[in-house]
Each structure stands twice: as structure tokens, then as C-alpha cells.
Amino acid sequence: MGIEIKMPALSPTMEEGTLAKWLVKEGDEVRSGDILAEIETDKATMEFEAVDEGKIGAIVVPEGTEGVKVGTVIATMAGEGDKTAAAAPKAEESAPPAKPEAAPEAPKKAESGTSKLGSETKASIADPDLPEGTEMVKTTVREALRDAMAEEMRRDERVFVMGEEVAEYQGAYKVTQGLLEEFGAKRVIDTPITEHGFAGVGAGAAMGGLRPVIEFMTFNFAMQAIDHIINSAAKTNYMSGGQMRCPIVFRGPNGAASRVAAQHSQNYGPWYAAVPGLIVIAPYDAADAKGLLKAAIRSEDPVVFLENELVYGRSFDVPKVDDYVLPIGKARIVREGKDVTLVSYSIGVGVALDAAETLAGEGIDAEVIDLRTLRPLDTATVLQSLKKTNRLVVVEEGWPVCSISSEIAAVVMEQGFDDLDAPVLRVTNEDVPLPYAANLEKAALIDADRVVTAAKKVCYKG
Amino acid sequence: MEFYRQMVLIRRFEEKAGQLYGLGLIGGFCHLYIGQEAVAVGIQSALEPGKDSVITGYRDHGHMLAYGIDPKLIMAELTGREAGISRGKGGSMHMFSVEHKFFGGHGIVGAQVSLGTGLGFAHKYRGDGGVCVAYFGDGAANQGQVYESFNMAELWKLPIIFVIENNQYAMGTSVNRSSAEDQLYRRGESFRIPGLQVDGMDVLAVRGATEEALKWVQDGNGPILLEMKTYRYRGHSMSDPAKYRSREEVQAMREKSDPIEGAKKYLAEMGVSEDELKKIDQDIRKIVSDAADFAETSPEPELSELYTDVLVEQY
């Protein structure tokens, strides 16, 4: 019984090559590891080593032959008669699948990325009903976030907070105020200024069974750590066939602050929302910030939680209940209306609400939707509202290109085309790095006036 | 004897993987561990299974075999089958076994060092007495995040052993063409992390150094660095023609320092007969060919698997 030596594939893309030179001849004894031949691919000349021990029988393809297809028998070998010889696959079987049989029939309709994300179970999930007479407490977003972390740390020993200035300094933006005092240095950890490193340490700790909350002083600095957020945290569960989870929350302020210019003023919502395997949350008010951060910390999936510095100090009603947890992946109608739908998230919701107020004075009744979660995106709520209003404007404090706005526009065109009485309009920041000068900064950012103009336009009243 | 068995298993497994790659049954990138067997085998043997954790880069087959993970599951992952350890979704570079506390299998050079530091952090946080071993190569040793991790690991006295597998070539670039300080065991000095240089071709030397390192870490001294001087016989990956070194260099290394031949000598001195070793070789060949058969014949994942395990929960 002989072993067939076949033309090897020497790169991921190689389909054929030239058998440049034989370094053995018929009758030679070879050991595993000996070089048998030199093979030229389109990229390089490679040495081809023997895998089995034995004697070269016949050389089938002479040296100098060009265009030898991968899998062609190029020589035969008389084996030692051990098990490996028997294991050599037969020629027909081993002919490598030249092409993976024409793209496997489109696995589920891949419409736009996010359409797949609207999971079927979602419609049934809603914010928890509050008992009548539940007391509402005026709370800043900053405090709501802190309360969410503190409550979850009391509830679960595995939860810890790590980041720059989160402990002794009490948080660069005071979001972690008081946590060190209550939970101690073991669970509230100041790091060196080393985003790439501590994002990786956090992801590793999550893989090792803990529940890290990693604070970035701002998401601008998370650019140094984005490899761990995407390659380490988001892809692990999939790559491991569901074995290895990475339940971690990356949180911090995102988007433009005030007069800090281009490197400190960027909305990363669309970046992270583009990545399968991540949950991306960007709340506006304090109740949502609290309920969703608690849900994020409890999630088995990696979460990017985008806050906004300019919103930290704003106060909102937060229901006084023991355990206020909100569903991830569910938008909220923050103002009902019938004439036009304004879709937004994070600080943009405030802008949209201001615009709605102005529009009301002009006889246009706007509905405002806060997406709250950017991935998975709650397209059902948006489409339902569109059915009612037939007009839609997306409001986004961020760049226009490849944005959440463009995604919503695409989804609405694909799935809500018949409900549209006007094209979808986008109100976004200008497509420039954010300038420092006060007048230029103002010119670059969204405001309520622009939303009003756009809303009137789609209502054909502008 | 067990060391010898494991090293032969890795050698034969990798040769078989190379063969299957040549047949087009394994795709993409495939990095073989041939030549470096003594490192994984010597280190893994000193660890306590179920307690200590391990993480490495993309040249990961050897570590998994040394950890006693079923060769069939590994080979089936290489051929992209449903029965593979990552259900065919990870491939050569992305394999994990949480059950064995083997945390991958990472494709981004250097990432495993930060992640491993996080595993060390988790050991300390829980107080479970475990130690993390984070393997990386001489190439990864030049990544910035390695030093960010060194800093935090020493600052917080984390239980972690950093193992640099110095096989002397980062893909095609030799250590002295890429490293200002080419004595890699000294790379922890500015963080006050002690380092040892070890003959990574000698399985007993590796085992001994690991025991020392474990003791240092378990005594609460914080991290330690082991530089394993080793050598890979094959190219960086299957598609590497390895023109950056001479055939003579590789051949000389194989003849003088081969870890398996070295172990054979030890065993001969201990009075183990040639026949006993032959028996091991035969058993291993059977295991490897069974694994290859399994990997070739078991089915590919169902198309419906495409959308599973993207997220853990439903939202």
C-alpha cells in the first residue's frame, strides 16, 4: 500500500503552482520533515516537507511542470505500513473543495445589518409598570449612574469598577462619587493612564468570571482600547462557539462636550453599533440611565454604555422603587404626536424635545422617540410611529456619514416605504472635525432650529 | 515518559495538520508548534488543572494538547466542523476550553497579555489561589500593551507568569532586527519584574523553571517573566516560505537541540527501552490518525449556526 503525495496548498488562496524542483528521487528513503520538493506559488517559492516516513515510489509529476492543481498526485510513497498510510485520504475525497460551492444560499435575508437585530421576542418586553402613586425623585443623570453601579455592587460581589480617577479622585466627572468609601479599594480601582491595557485587563477579568465596569474618562480615549472592545470582548462568545463569555460594561462620556475641540468631541455610537456581538446603549434621561446601566451590568454580553458630559448635571424624575431595571433593545416614545416622528438618542433627544415644543406652537404635533439602545436597534417602534405620522426626521449629535441616521433611513426605506409621505431627513452635526472657536463650534453642532426646519420641510410647511 | 508522550503527540498532530492543510482540508492561517513542544509540555505539567488558567496567542494547538484536550475536537476545529471545540467558528487561531481554564487562542498579537493580566486579576479578586500563565512570542514582546500590563501586574502584585516563547523570529524578522534589548528576560526590569532565561528545548529545564516561577508568584511576590529560548522548525504559518533563514540553520537546530530527541536521551539514561518508546510512537500515530479521520468525516456546521452565539441573551 502506498501513500499518495499530493500537490499541497501552501497559502490560503493557492489553487495551483509550479513544481520547480524535486529534491528527492525515486527509491530515496525519507523521514518526516525532509524537504521533498520546491514549489513556486504566485507569491513565493516554498519547500515542501515529507510528513510520513518511507521510500519514494514513483515521481508522477516531473519538475518544471507549471499549473499543477492543488490536490493532484505528484508522487507516491511506500509507507512503513503503519496507521498513517491507511489514513491517507483517497484522491477523490481529498480533492480540496475548489470553491465553497458558490456562496451558501443567502443565510437568512441579510437586509441591512440592524434589521436582523430586531429580535422577535422584543415586542412583548416593555418597561416595568410602576405601581400607582410611585414617588418620583428628582435626580441628576450623574447620580442615577452612580446609584445604578452602587446597587449592582451591593447585589453582586463580582461587580467592580475600574478606570482612571474613579476611586480617590471620585471620578473625573464625579460619576463614581462615594463608591470607594462604600466598597473599598478592592472593588473601586484607580488605574494608570493606560486605556489599551486596562480595557484588556477588564475583558480578561470578565472572561475569568468577574463583572467589570470599565470607565473611560471619555470615549475619545477608548480609541486606544478599541481592539479589546471589538476583537477581545465582542467576538469571543461567537468564536468560542458559545463557550466563553465576556460580560463587561465599558462606560463613559461620549460625544461633543463644550469647547474642547476635535480630539475630545466625537460620537462613537455608530462605530460600536456596527459591531455584531456588542450591545450599545446611549440613554438620555436619568431614569433610563439608571435602569439601563443596571441591565447592562447584569447582561451576559459585552456592553458599550455611552453617556454625555453635558447631560450629567441635568435633573429628571426617577421612580423610587427597589430595583429599577429596564429592557435593553427597546426604544421609548418620550412625547406622543401625530404629524411627524423625530427619532433620536442621547443628548439629541433634548434637542428633539425642544424642537417639538416649538413645532407645537406652529401647529405641528411631533412624536419624539428615544432609541435608548443603538444595538440591537428597536426598528419596530420607529416603523410603528411612522405608520401613524408618515413623516420622519432623525436627529443625531454626530457625523452624518455611516451614522445611526443613515441606518434608520435605510431601514425605513426598506421596511416602511409605503408609509412614507416625504423623504426621511437627517439632522446631524456638520461633516467636519469639531472646531474650537465658539461660533464655529455652534455652527457645527445640531440645534432645535435645524430640527424645526427639517420637520416643517417633511410636513411640506417649510 | 509522559512528557515524551505529549511532545510526540504535539509533533505528530502538527505534522498531520500540516498535511491536511496541504490537502486543502484546513484553510486560512495555520501556525504550527513543531520545535517548541518542550515549552508547553514543561509548563503545563507544573500547573494545577482546574485552578490555574492559561492564555496564549494564535500558535495554540500545542498548549491545548499539553492540557489534555481531546485531539479530535482540536483537529475538527481546524477542518471547520460542527464537532470542533469552537463549533467550527473559531478555527486554528481561536480555540478555547473554559472547562480546562484554557482561555484561548487569540489572533491579535499581544492581546493575550492584557487579557491574561485580567485573568490574574480575577484570581486575586476571588482569592482562589490560582495563577495565570500568559504565553506570548518574541514578536508580541514589542507590543505596547505588554508593558502596560507589566506595569499593572506588578503594581497590583497579580498572580501571573509571563512566558515569552522566544522562537527567534517574529514572522520573518529575527529578534535582533526588531528588539533594542534582545535579552527578552530583562524586559520586565523597569517594572521590577524579575526574569529568567530558560532552555526551552529542554523539557526538564522548562518544568524546573516553572516550578520556581510558580513558587515566586504563589508566595505573593507578584508577576515573574520566563523567557523560553526555543525554535520553530516550520515557517511562521503554512504560507511562509521561510527564506529569512538558511536550511542549514534549521537543520542544525533539529539535530542538536530537538526537544523530543533530548527527552529520548533522558529516558534512555533512565533505562527506558527503545521498544517502549516505539510503542508510544505507535499509539500516538493511531490517536492522531483517528483525530484526522474524525475531523475529515464529521459534518460541517448547519447553516442555521451562522446566527447563533453572536450574543448570549435575547433582547
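Residues numbered from 1 in each chain as written. Chains lettered and ligands numbered in written order. Predicted model: local features only at pLDDT ≥ 70, side-chain atom pairs only at ≥ 80, totals over all residues.

- For chain B, the name recorded in an unreviewed UniProt entry is Pyruvate dehydrogenase E1 component subunit alpha, with Sphingobium quisquiliarum P25 as its organism.
- The UniProt entry for chain B carries the following comment under Function (unreviewed entry): "The pyruvate dehydrogenase complex catalyzes the overall conversion of pyruvate to acetyl-CoA and CO(2). It contains multiple copies of three enzymatic components: pyruvate dehydrogenase (E1), dihydrolipoamide acetyltransferase (E2) and lipoamide dehydrogenase (E3)."
- Its UniProt record gives chain B a comment under Cofactor (unreviewed entry), which states: "thiamine diphosphate". (UniProt positions renumbered as here; feature names shortened; annotations may be inferred.)

- An unreviewed UniProt entry annotates chain A as Pyruvate dehydrogenase E1 component subunit beta of Sphingobium quisquiliarum P25.
- As recorded by UniProt, the Subunit (unreviewed entry) comment attached to chain A reads in full: "Heterodimer of an alpha and a beta chain."
- Per UniProt, the comment on chain A under Catalytic activity (unreviewed entry) is "N(6)-[(R)-lipoyl]-L-lysyl-[protein] + pyruvate + H(+) = N(6)-[(R)-S(8)-acetyldihydrolipoyl]-L-lysyl-[protein] + CO2".

Describing unusual backbone geometry
- Going from R375 of chain A to P376 of chain A, the amide bond is cis rather than trans, its omega being 0°.
- As for its position among the elements, P376 of chain A is in the loop between β20 (373–375) and α11 (379–389).
- For the bond from G104 of chain B to G105 of chain B, the omega torsion is 20°, close enough to zero to count as cis.
- Among the secondary structure elements, G105 of chain B is positioned in strand β2 (residues 102–105). (Helix = DSSP H or I, 4+ residues; strand = E, 2+ residues; numbered from the N terminus.)

Section: the domain arrangement of chain A
All names here are of chain A.
- Each assigned domain of chain A is listed here: domain 1 (2–94), domain 2 (135–319) and domain 3 (332–458).
- Between the C-alpha centres of domain 2 and domain 3 there is a distance of 26 Å.
- Across the contact, 23 residues belong to domain 2 and 22 residues belong to domain 3.
- Only α8 (269–273), β14 (279–281) and α9 (286–298) provide two or more residues apiece to the side of domain 2 that touches domain 3.
- Within the side of domain 2 that touches domain 3, the residues separate by chemical class into 16 nonpolar, 5 polar and 2 charged. (Domains from an automatic or database assignment. Contact = placed C-beta atoms within 7 Å. Nonpolar A, V, L, I, M, F, W, Y, C, P; charged D, E, K, R; others polar.)

Description of α11 of chain A
All names here are of chain A.
- For α11, the complete set of buried residues consists of T379, T381, V382, S385, L386 and T389. Across the axial projection of α11, the buried residues extend over an arc of 160°, all falling on one side.
- Its buried side turned inward, α11 meets β17 (332–335), β18 (340–344), β19 (366–370), β21 (392–396) and α12 (404–415).
- Just beyond α11, the residue with positive phi is N390, at close to 65°. (Buried ≥ 20, exposed ≤ 12 C-beta atoms within 10 Å, placed from the backbone. Arc of directions from axis to C-beta.)

Brief notes about the packing of helix α1 (residues 2–22) of chain B against helix α2 (residues 37–44) of chain B
Residue and element names in this part refer to chain B.
- Where α1 contacts α2, the two axes come as close as 9 Å, and the packing angle between them is 135°. Looking at the two axes, α1 sits oblique to α2. Remark: the crossing between α1 and α2 carries right-handed chirality. Here F3, Q6, M7, I10 and R11 of α1 come into contact with α2, specifically with E37, A38 and V41.
- Residue classes in the contact of α1 with α2 are distributed as 5 nonpolar, 1 polar and 2 charged. (Axes fitted to C-alpha atoms, helices over the stretch in contact; angles between N-to-C directions. Parallel < 35°, antiparallel > 145°, perpendicular 65-115°, else oblique. Left-handed = near helix turned anticlockwise from the far one by under 90°.)

Here's the deal with the pairing of β21 of chain A
Residues and elements named next belong to chain A.
- Counting buried positions over the 5 residues of β21 gives 5, a clear majority of the element.
- Burial of β21 is two-sided: the residues L392, V394 and E396 facing one way and the residues V393 and V395 facing the other way are all buried.
- Pairing analysis gives 3 bridges linking β18 to β21, with the strands arranged parallel. Residue T341 lies in a different strand from β21, and its bridge partner there is L392.
- Bridging between β21 and strand β22 (residues 425–428) involves 4 bridges; their strand directions are parallel. Across the sheet, V393 pairs through a bridge with L425, a residue of β22.
- Taking the sense of rotation as the criterion, the β-α-β connection linking β21, α12 and β22 turns out right-handed. (Pairing = 2+ DSSP bridges. Right-handed = clockwise from strand over helix to strand, strands pointing away.)

A short note on the sheet that holds β17 of chain A
Residues and elements named next belong to chain A.
- Here we have 5 strands laid out as an open sheet, ordered β17-β19-β18-β21-β22, and mixed in their pairing. With one partner strand each, in any of the chains shown, β17 and β22 form the two edges of the open sheet. Between one strand and the next, the sheet's axes are offset by a mean angle of 25°, whatever the strand orientation.
- Pairing of β18 with β19, which is carried by 5 bridges, proceeds in the parallel orientation. Looking at β19, one finds that S344 is bridged to D370.
- Contacts from helix α14 (residues 448–458) reach β18, β19, β21 and β22, with the element oriented near 175° to β22.

As for the pairing of strand β5 (residues 45–49) of chain A
Residue and element names in this part refer to chain A.
- Among the 5 residues of β5, 4 are classified as buried, and the element is accordingly described as predominantly covered.
- Of the strand pairs in this sheet, strand β4 (residues 35–40) and β5 are connected by 5 bridges, and their pairing is antiparallel. Following the sheet pairing, E40 is matched in β5 by T45.
- Connecting the antiparallel pair β4 and β5 is a turn made up of 4 residues.

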